[in-house]
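# Observations on the model geometry
The lines below spell out each chain.
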Number of protein chains: 2
Amino acid sequence: MTNDSSSRISDALRDWIASAPAGAKLPSTRTLVAQYEASPVTVQKALRTLTGQGLIESKPGVGTFVRAVRTVKPSDFGWQTGALGAPRNRFSPALAVMRAGSVDAIELHAGHPDRELLPERLVRAALARAGRSDTALTRSPVAGLPELQSWFAAELAAATSSGVTAPLASDVIMLPGSQSGLSSIFRALVTDGRPLLIESPSYWGAILAAAQTGVRLIPITSGPLGPDPEDVARAFEETGARAFYAQPNYANPTGTQWSATTAQQILDVVRTYGAFLIEDDWAHDFGITNDPTPIAAGDDNGHVVYIRSLTKSVSPALRVAAIIARGPAKDRILADQAATSLYVSGILQTAALDIVTQPGWHTHLRGLRHQLRSRRDLLINSLAEHAPLAHLTAIPPGGLNLWLRLPDTTDLTAFIRECETHNVLVAPGDGWFPAEPTGPFIRLNYSGPNPGAYPHAARIIGQTLDHTN
Amino acid sequence: MTNDSSSRISDALRDWIASAPAGAKLPSTRTLVAQYEASPVTVQKALRTLTGQGLIESKPGVGTFVRAVRTVKPSDFGWQTGALGAPRNRFSPALAVMRAGSVDAIELHAGHPDRELLPERLVRAALARAGRSDTALTRSPVAGLPELQSWFAAELAAATSSGVTAPLASDVIMLPGSQSGLSSIFRALVTDGRPLLIESPSYWGAILAAAQTGVRLIPITSGPLGPDPEDVARAFEETGARAFYAQPNYANPTGTQWSATTAQQILDVVRTYGAFLIEDDWAHDFGITNDPTPIAAGDDNGHVVYIRSLTKSVSPALRVAAIIARGPAKDRILADQAATSLYVSGILQTAALDIVTQPGWHTHLRGLRHQLRSRRDLLINSLAEHAPLAHLTAIPPGGLNLWLRLPDTTDLTAFIRECETHNVLVAPGDGWFPAEPTGPFIRLNYSGPNPGAYPHAARIIGQTLDHTN
């Protein structure tokens, strides 16, 4: 994205502007082109950068001028403390998993796949077509683009058990990303102050959305086959909760996939207690050694509220997700989405539909599966060889992450920091626990850039563990 | 968007599928091309439509097959009533202003400008460039694309009074549309159950967001020059509210612009009570007889929380808006946005920045002003001539709407319905009142399609008023 010759010009002009009086006129584009031996496009780009920074303003047909310098004085925002009261949520928006690494860092901390794992050709072609379509200039219906609603419904219908009524397109609500959907579901189905069961550990974004919506989390320990259905039943009984948030397939962070027996038993428990299972099928496109079957495919009485996103598998810039729900629950969620986001950009929906209905999409997913398998196995083998103290809790059959337990004596903060000084970025496990962490865990993502560096990263992790234990 | 030859093929195949057994293989694309005398692209499009409807599934390299028909049985969602409890919000998502009209209806009810008022050439060019850029495949920072934050800050800085510290790019939070921003502001600054002052009438989207976030609305009557500052002071005093939501420039629905004196006095009141003014500058790009000066341009102590959207002036598909706020209030709002939407699509931000930094953008805005003026005046003159019973409350100096009071004896529901039978769609004023409506009002939008029909529409409105009074 950096354009050296345009940055060179904007840097030089910034110096000139700093010493120029307010209102001074800049040389013409033609003069700048000659002076910097650059193309008009490059000069225009530099001027746009400076305009965006508020340093200059252009008056079309007249010229470009230095903006008046503004006074700067210290501000006192102390009065706001009284007006605001205590915060609901102490999470920092500077989330560990969204931190950008330095150029040569090995990024095992992030949560989204690297560009080389995305269907770049399909994304660019679909965006070009969407930009030429009518949806570029029109408004999408509140519940979403009907064709994309149909696609999401058909995807779940294809997995639906015989004897179970498949979902309809009208059961689908399109979302500007799954985070917005989780917030809406929690507000609409659980409401402020009420309890919500959640696996422990579980997705930090769900924990964050729950904190922000004022929902009270009740952690349920999840083992290698998923949570114990009896634990779930006991928690419903004791707390009066009417909803359970879970990731039954390739849970983030552990990679756990519920066994078919667990899935059926938990669905039965949810029915018994007249409750909702909020099924976050975040890794639907990331099966490695098997394919995920949504629990929602076995329910037609509105007990499972299903959420699936395309953001991670298509592109982080194409934020499109969907909720599939039935009955009054769907109406409640739709009312919340209408009140909080009105509708989803038609461009993003059109482009997403284009991508997932191309034959190339299935080809891409098949290739992705192979890449994820070899990345996962390379990281596992590298850790086994170079970092034997890091205990892999299970080999994940899908998803994007390894979940590792470090020796109990590890100072997790010191460990993370020392890895970082060696340019290996690792996510501390604490953020995935709805209550206190049960030990020093780390999450390593095997979908980031530069998998060739995994052996080196494993060596750093191993050496650092030796130091900090 | 309808492609007749592709619809023809999908319709024919749908009939064939209805009588085919599950798993039956469809003829090859080549066969279909020959059979329907259509291009391969058209046949593929028809197949994609059927796939999206869940009727067929393609197995790459094998063929396309009829999907198994699913059983359908009546579902019982009655159990959900107990699980959900009473709803927070009884607004229907089928909002009057978002209703789609029939093809030949005259749409005076909608809230967004028609396509002919949008910068179509700039939008398409910007989307094409954004689709080729790095942002198509990468993740935007939580607070937004830095260059677009700078642009929004510079826009407000350009209006900032001398002696007032201008906002910085880091004071800007990018949003996936202003509706999401209003929800975040209400949750972050007012919180559940607390009072919020609001002009009456005011924007229905703000009333909806307040209902959904559980904020208690305190209506303040707004006259032709804005609300009476003494009313605002009294409401702060009596209710203990710490925030006032308002649209000081070209308010929706009335078009009212606060006088400079009112603006200064209300800012003083807000300061006196240690409160926030939530300034919704929704019509910043829609000045007709003057230019809007944001109240935020006169504040640097964090009392004004400013929100501005590009969705209405750029394209309804390019949902991008920004909040400018300072101090802990900004941190609270950012934390809420991070928890509810994580980040805004980089494609939409890149395209929006591209558009508003083109010289053509200012040319477009100048042309838009002329078009809005002639549309507004044509509608006003047509109503004066043909519907003298509809009383125009004021000639709006900007914005997109006329706000008309009908005779007290009007049955508003019958009036709206009778207009609709004559293909004239009109929005009943009730939705803009935070409490009971103070009379039968209608809002007419003069930015919809087909302004040439305004005289005809005014005649229908006039005749209908004669009937229903």
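Residues numbered from 1 in each chain as written. Chains lettered and ligands numbered in written order. Predicted model: local features only at pLDDT ≥ 70, side-chain atom pairs only at ≥ 80, totals over all residues. Heavy atoms only, no water.

### Topic: the environment of Leu-334 of chain A
Mapped onto the secondary structure, Leu-334 of chain A falls in helix α11 (residues 328–341). Between the C-alpha atoms of Leu-334 of chain A and Ala-263 of chain A, which are 71 residues apart in sequence, the distance is 27 Å. (Helix = DSSP H or I, 4+ residues; strand = E, 2+ residues; numbered from the N terminus.)

### Some words on the environment of Ser-170 of chain A
Within the secondary structure layout, Ser-170 of chain A lies in the loop between α6 (146–159) and β4 (172–175). For Ser-170 of chain A, a relative accessible area of 46% translates into the label partly exposed. (Buried < 20%, exposed > 50% of the residue type's maximum accessible area, 1.4 Å probe, protein only.)

### Quick word on the sheet that holds strand β8 (residues 243–246) of chain A
Residue and element names in this part refer to chain A. Reading across from one edge, β4-β11-β10-β9-β8-β5-β6-β7 is the order of the 8 strands in this open sheet, with mixed pairing throughout. What marks the edges here is a single partner per strand, and that holds for β4 and β7 (226–227). Pairing between strand β5 (residues 195–200) and β8: 2 bridges, direction parallel. Its bridge partner lying in β8, Ile-198 is registered against Tyr-245. Contacting β4, β10 (304–309) and β11 (321–324), α6 runs over the sheet at an angle of about 120° to β4. (Pairing = 2+ DSSP bridges. Contact = heavy atoms within 4.5 Å. Axes fitted to C-alpha atoms, helices over the stretch in contact; angles between N-to-C directions.)

### A closer look at the domain arrangement of chain A
Partitioning chain A into structural domains gives domain 1 (3–66), domain 2 (94–117 + 361–468) and domain 3 (120–358). Taken over C-alpha atoms, the centre of domain 1 of chain A sits 48 Å from the centre of domain 3 of chain A. (Domains from an automatic or database assignment.)

### Points about the packing of aromatic side chains
Summed over the entire model, instances satisfying the criterion amount to 22 aromatic pairs over all chains. Geometrically, the ring pair formed by Trp-79 of chain A and Phe-276 of chain B is tilted, given 4.8 Å between the ring centres and 50° between the ring planes. Here the residue Trp-79 of chain A occupies a position in helix α4 (residues 79–84), and Phe-276 of chain B occupies one in strand β9 (residues 276–280), the pair thus bridging two chains. Judged by its relative accessible area of 19%, Trp-79 of chain A is buried. Judged by relative accessible area, which is 0%, Phe-276 of chain B ranks as buried. (Phe/Tyr/Trp six-rings, centres within 6.5 Å; stacked < 30°, edge-to-face > 60°.)

### Examining the relation of the copies chain A and chain B
Two copies of the chain are present, and they differ by a rotation about an axis and a shift along that axis. Once turned by 180° and shifted 0.0 Å along the axis, chain A lies on chain B with an RMSD of 0.2 Å. Seen this way, the second copy is the image of the first under a two-fold rotation axis. No C-alpha of chain A lies nearer the rotation axis than that of Ala-128 of chain A, which sits 2.8 Å from it. Most of the interface of chain A is mirrored in chain B: 99% of its interface residues are interface residues there too. (Least-squares fit on C-alpha atoms with pLDDT ≥ 70 in both.)

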